[in-house]
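Spelled out, the chains give:
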Amino acid sequence: MIEFKNVSKRYMTKTALRDVDLKLDKGKIIGLVGLNGAGKSTTMKLIAGLINPSKGSVELDGEKVTRRIASKVSYLSELDEYYSFYTVQQTIDFFATQFPDFNKEKAEEIRAYMNLDANTKVKHLSKGNRGRLKIILTLSREVPVLLMDEPLSGLDPLVRDSIVKGLITFVDTEKQLVLLSTHQIMEVEMILDEVIAIKDGELVDHRNVEELRYDEQKGILEWMSSIYE
Amino acid sequence: MKAWLALVKKEFRIGLPIMLLAVVLFLVGLVIVTATTYKFGYAMDAVGIIGLAWGGGHFFFMAIYMLYSLGVERKRLHLWLHNPMHASGLLAAKLVTGTVYMIISLLIVSIAAYVGGLNFVPFSDGTWFKVGMIAFVHVVSLSIDFSIYVILAYIVFLLLVRYMPTFLSGAVVFIGWWLFAYLYFGLFSQSKFYAAITEWGKIDLGFIANSLQFDISTKEALINMQGEQLTVYAGYYIIELIIILIIYFIASWLLDKKVEV
């Protein structure tokens, strides 16, 4: 479904991603882990078509990824910037107009589940509530690929818990692929099917979480420790 | 189309401060000038002068509008560019809203220019309308024309800023801008080749005032109108339209394919 063919990404002298070959299939929730600056956000942006590879190619269903792949990919940025003059409801309505696959009923369901007031202006939302809004906007799209860059970052445990539960509840695991980058491994471990480790721009391992657990009797954290130490 | 119209609606909200600023600045200027000239009995002349000057200044309206609007998006490129719409559609939404706001602002200014101008410009109603329309259409179209060069410059800035500091990127674009202006307006548009491709389809506009000379003191206000028999070439407008469409295409292509978040 998603295929990286010998992909590198350089910014001037810094190499953010180096010679990455990767295949991801639909119907899975995949964790992307690594230290800060390892290349997780770069990987996400490459799949979203928001940056271009310096070398190699990224394909989605055999189609070369460009910015306009947004019709098939829902991208949650690590940034919190939204149009501050809109209310929560207006932001949802605006997204619904921009993406034909946006399910407004689902958005309303997730909004109610997340307990987010529809009439609050985005500029008045707390960081936690902006995080919830991002989840609503991302999960309400009925697209094959959901990319979530640090959806749990900087949020308190209750918000993180509601987001993880929201993922289980609102993602169609038959049809959608979720790629999730996070440092909160413990909180997402139970929902991950696969995990990918990136270190210094290189893909160091790509494992099935269940196999890791049964074959090597390792949790993701232990597995990460063995890679990074 | 529904998606684009919703985008236009959003752009109206983003660009509103620029329209309000233009109108408020004009009204403040109008009040100050009227108050200071009222006791000398030239208040209406002053209203006309400030109306004409502010109206002419609308040449820069679209450029300022686009810089502001693109500046707002720069903080949330991940949001603006994560959209299946072609970049030309994203930019067109901004151009359309900016143009609507400019026309609203220019209409307000035109009322002042007309009401005040009646005092010192001895035109018949028909001539007022004709001159007013020509000036209005030219200010609007030249402002849009100029703003498309500004869009391209801003997109080049967005490209450069990925690889060098913001100040340096701005400086490179600024220098590039003046170099381009010199090559295009200083050399190319003065060349025989440019004249050959643009000077066709002559249109006679009749006598048009093209400058006013003001001599204002505390005792009197003298205003001399100067003008000439004006002719324009359809070729000039067609060629400029083609050039601006090419620039717009390049800007859209760069935004679609090269600008990174």
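Residues numbered from 1 in each chain as written. Chains lettered and ligands numbered in written order. Predicted model: local features only at pLDDT ≥ 70, side-chain atom pairs only at ≥ 80, totals over all residues. Heavy atoms only, no water.

Caption draft 1: Representation of a positive patch on the surface within the structure. A contiguous patch of positive charge, built from A:Lys64, A:Arg68, B:Lys257 and B:Lys258, is present on the exposed surface. Counting through the fold element by element, A:Arg68 comes out in the loop between strand 5 (63–64) and strand 6 (73–76). (Patch = residues over 30% accessible without salt bridge, like charges linked within 9 Å, V, L, I, M, F, W, Y side chains within 5 Å. Areas by Shrake-Rupley, 256 points an atom, 1.4 Å probe, with all protein chains shown as cover. Salt bridge = Lys/Arg side-chain N within 4 Å of Asp/Glu carboxyl O. Lys, Arg positive; Asp, Glu negative; His and termini not counted. Charge placed at Lys NZ, Arg CZ, Asp CG, Glu CD. Helix = DSSP H or I, 4+ residues; strand = E, 2+ residues; numbered from the N terminus.)

Caption draft 2: Spotlight on the sheet that holds strand 5 of chain A. All names here are of chain A. Strand order in the open sheet made by the four strands is 2-1-4-5, with antiparallel pairing throughout. Of all strands in the sheet, those with a lone pairing partner are strand 2 (14–24) and strand 5, marking the two edges. Summarising the sheet, strand 1 (residues 2–11) and strand 4 (residues 55–60) pair through five bridges and their orientation is antiparallel. Pairing of Lys5 across the sheet is with Ser57, part of strand 4. (Pairing = 2+ DSSP bridges.)

Caption draft 3: Up close: the sheet that holds strand 8 (residues 177–181) of chain A. Residue and element names in this part refer to chain A. Pairing in this open sheet of six strands is mixed, and the strands run 6-7-8-3-9-10 from one edge to the other. A single partner strand is all that each edge strand has here, and the edge strands are strand 6 and strand 10 (202–208). The mean inter-strand angle of the sheet, taken between neighbouring strand axes irrespective of direction, is 15°. Sheet analysis places strand 3 (residues 29–33) next to strand 9 (residues 194–199), joined by four bridges and oriented parallel. Looking at strand 9, one finds that Val33 is bridged to Ala197. Across the sheet, helix 1 (residues 40–48) touches strand 3, strand 6, strand 7 (145–149), strand 8 and strand 9, and the angle it forms with strand 7 is around 150°. (Axes fitted to C-alpha atoms, helices over the stretch in contact; angles between N-to-C directions. Contact = heavy atoms within 4.5 Å.)

Caption draft 4: Highlighting the environment of A:Leu125. Looking at the element boundaries, A:Leu125 is found in the loop between helix 3 (104–114) and helix 4 (127–139). For A:Leu125, a relative accessible area of 7% translates into the label buried. (Buried < 20%, exposed > 50% of the residue type's maximum accessible area, 1.4 Å probe, protein only.)

Caption draft 5: Summary view of the interface of chain B and chain A. Taken together, the contacts link 29 residues of chain B with 28 residues of chain A. Here chain B and chain A share an interface that buries about 2700 Å² over both sides, 56% of which is from carbon and sulfur atoms. On the chain B side of the contact with chain A, B:His78, B:His82 and B:Pro84 bury the most area, a combined 26% of that side's loss. The tally of links from chain B across to chain A stands at three salt bridges. The shortest N-O distance in the salt bridge between A:Arg67 and B:Asp256 comes to 2.5 Å. Joining chain B to chain A, the criterion identifies 19 residue pairs in polar contact (both at pLDDT 80 or more). (Buried area = accessible area lost by both parts, 1.4 Å probe. Polar contact = N/O pair within 3.5 Å; in protein donor to acceptor, adjacent residues only side chain to side chain.)

Caption draft 6: Geometry of a nonpolar patch on the surface. A cluster of nonpolar side chains, contributed by B:Trp200, B:Ile238, B:Ile242, B:Ile246, B:Phe249, B:Ile250 and B:Trp253, occupies part of the molecular surface with about 680 Å² of accessible area. Checked against the element boundaries, B:Ile250 lands in helix 9 (residues 234–257).

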